[in-house]
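Remarks on the overall topology
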Amino acid sequence: MTQLIDKPRYIQLYENILEKIENKKFDSDYQLPSENEFAKEFNVNRHTVRQALQLLKDEGYIYTKKGKGNFIANIKLPYKITDKSNYSSQILDLGYEPNTKFLSAEIIKGSNKICKALELKRDSEIIELKLLRFANELPISISISYFDALKFHKILDYKDIKPFSLYKVLSICYKKLEITKESTIFEALMPTLEEAKLLLMPQSNPVLSTTTISRDQFGNIVEYGQALFRADMCKVKVDLI
């Protein structure tokens, strides 16, 4: 039986587990012992264990699978540079469970930057969609998409669809629409406090930002989008052939 002394017990337990994570003593996707097992090992109550695990979860080191327990959050998702993408199918192919949380949908007056990207007149009305994407219940990225509100207003009629899939909604509303990515720009950015909280990560850690322009089969702009990925949980994959 391990005895915790000096520091608050939940901090001791937190540091003990964190040390093992950082020293890579756990296998990828390792399932942590149960609260009861931790309580017995460290001679503490379950409330103390829960505090330590919640701290690890808040900082993005672990995630919870409902009904299964807590797991080490060392997921590495490849961002594929292709002309088409489907977040859910990519996550499923990797053996993870995808999910999307709808954050907001509103019509805004587009900034000069957004209107220019969408090839619209200044101050045009724009649909702004914000999504939080998950893999195995761990938040991976924040996605923000912009559309011409006049042309794509039907999207808002389906914002309550569950599970929400942007490209599924587009295929329902505009059956003949074919979307292809024209370009993607990558850069490292520092997250805002709100973004860091949504992604369960320290604000001092960078995110990988991708900015994408997509067009239809006739060459018209469909979407201007930005995604912010946890940099510690994604990698860029380039298929040259």
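What you are looking at is a predicted structure, and each value in this text was computed from that prediction instead of being measured.

**Side note on the sheet that holds strand β4 (residues 98-109)**
The strand order across the open sheet built from six strands is β4-β5-β6-β9-β8-β7, with neighbouring strands paired in antiparallel fashion. With partners counted over all chains shown, the strands left at the sheet margins are β4 and β7 (180-189), one partner each. Sheet twist, expressed as the average angle between the axes of neighbouring strands with direction ignored, equals 15°. Strand contacts of helix α6 (residues 166-173): β5 (125-135), β6 (138-148), β8 (207-215) and β9 (221-230), with the helix running at about 30° to β6, the strand carrying the most contacts.

**Quick notes on the pairing of strand β1 (residues 62-65)**
With four bridges connecting them, β1 and strand β2 (residues 69-72) associate as antiparallel partners. Bridge pairing in β2 places Y63 opposite F71.

**A word on the side chain of E35**
For E35, the position within the fold is in helix α2 (residues 35-42). Separated by 3.1 Å, the side chains of E35 and R46 make a polar contact. With near-sequence residues (within four places) excluded, E35 lies in contact with R46, V49, R50 and L53.

**Description of the pattern of salt bridges**
Within this structure, the stated rule accounts for five salt bridges. Two residues, E35 and R50, come together in a salt bridge whose shortest N-O distance is 3.0 Å. With E35 in helix α2 and R50 in helix α3 (residues 46-58), this pair connects stretches of sequence that are 15 residues apart. We classify R50 as partly exposed; its relative accessible area is 41%. With a shortest N-O distance of 3.9 Å, D160 and K159 are connected by a salt bridge. Relative accessible area serves as the criterion here: at 63%, D160 is assigned to the exposed category. Each member of the salt-bridge network shares a partner with another, and the members are E35, R46 and R50.

**Let's talk about the packing of aromatic side chains**
Counting across every chain of the model gives five aromatic pairs. Centre to centre, the rings of F38 and F42 are 6.4 Å apart; their planes meet at 35°, and the pair counts as tilted. Linking F38 with F42, this pair stays in helix α2, spanning four residues, or about one helical turn. Taking relative accessible area as the criterion, F38 reaches 5% and is therefore assigned buried. Aromatic side chains F102 and F164 sit 4.8 Å apart centroid to centroid with 80° between the ring planes, which places their arrangement in the edge-to-face category. Highlighted residues: F102 in strand β4 and F164 in the loop between β6 and α6, separated in sequence by 62 residues.

**Considering the nonpolar core**
I114, L118, I142, Y146, L199 and Y224 are the most contacted members of the largest nonpolar core, which totals 17 residues. Counting only elements with at least two residues in this core, the list comes to α5 (112-117), β5, β6, β8 and β9. Ignoring sequence-local partners within four residues, the contact set of Y146 consists of I108, I114, L118, I126, I127, E128, V222, E223 and Y224.

**Some words on unusual backbone geometry**
One non-glycine residue, E119, lies in positive phi territory at about 60°. Summarising the element assignment, E119 is placed in the loop between α5 and β5. Owing to a relative accessible area of 53%, E119 belongs among the exposed residues under this scheme. Notably, D123 is not glycine yet its phi reads approximately 70°, a positive angle. By secondary structure assignment, the location of D123 is in the loop between α5 and β5.

**What to know about the packing of α2 against α3**
Two numbers describe how α2 lies on α3: the axes approach to 9 Å, and their chain directions differ by 110°. Judged on the interaxial angle alone, α3 and α2 are roughly perpendicular. Viewed along their axes, α2 and α3 form a crossing whose handedness is right-handed. On α3, the residues that touch E35, N36, F38 and A39 of α2 are R46, V49, R50 and L53. Classifying every residue of the contact of α2 with α3 gives four nonpolar, one polar and three charged.

**Topic: the environment of L228**
You can see L228 is positioned in strand β9. L228 sits in the buried class, given a relative accessible area of 4%. For the pair L228 and I144, spaced 84 residues apart in sequence, the C-alpha to C-alpha distance is 8.6 Å. Among residues more than four places away in sequence, those in contact with L228 are I140, S141, I142, L189, E195, L199, V207, L208 and S209.

What counts and how
Residues numbered from 1 in each chain as written. Predicted model: local features only at pLDDT ≥ 70, side-chain atom pairs only at ≥ 80, totals over all residues. Heavy atoms only, no water. Pairing = 2+ DSSP bridges. Helix = DSSP H or I, 4+ residues; strand = E, 2+ residues; numbered from the N terminus. Axes fitted to C-alpha atoms, helices over the stretch in contact; angles between N-to-C directions. Contact = heavy atoms within 4.5 Å. Polar contact = N/O pair within 3.5 Å; in protein donor to acceptor, adjacent residues only side chain to side chain. Salt bridge = Lys/Arg side-chain N within 4 Å of Asp/Glu carboxyl O. Buried < 20%, exposed > 50% of the residue type's maximum accessible area, 1.4 Å probe, protein only. Phe/Tyr/Trp six-rings, centres within 6.5 Å; stacked < 30°, edge-to-face > 60°. Core = buried A, V, L, I, M, F, W, Y, C linked by side-chain atoms within 4.5 Å. Parallel < 35°, antiparallel > 145°, perpendicular 65-115°, else oblique. Left-handed = near helix turned anticlockwise from the far one by under 90°. Nonpolar A, V, L, I, M, F, W, Y, C, P; charged D, E, K, R; others polar.

Just geometry here; none of it tells us what the structure is for.
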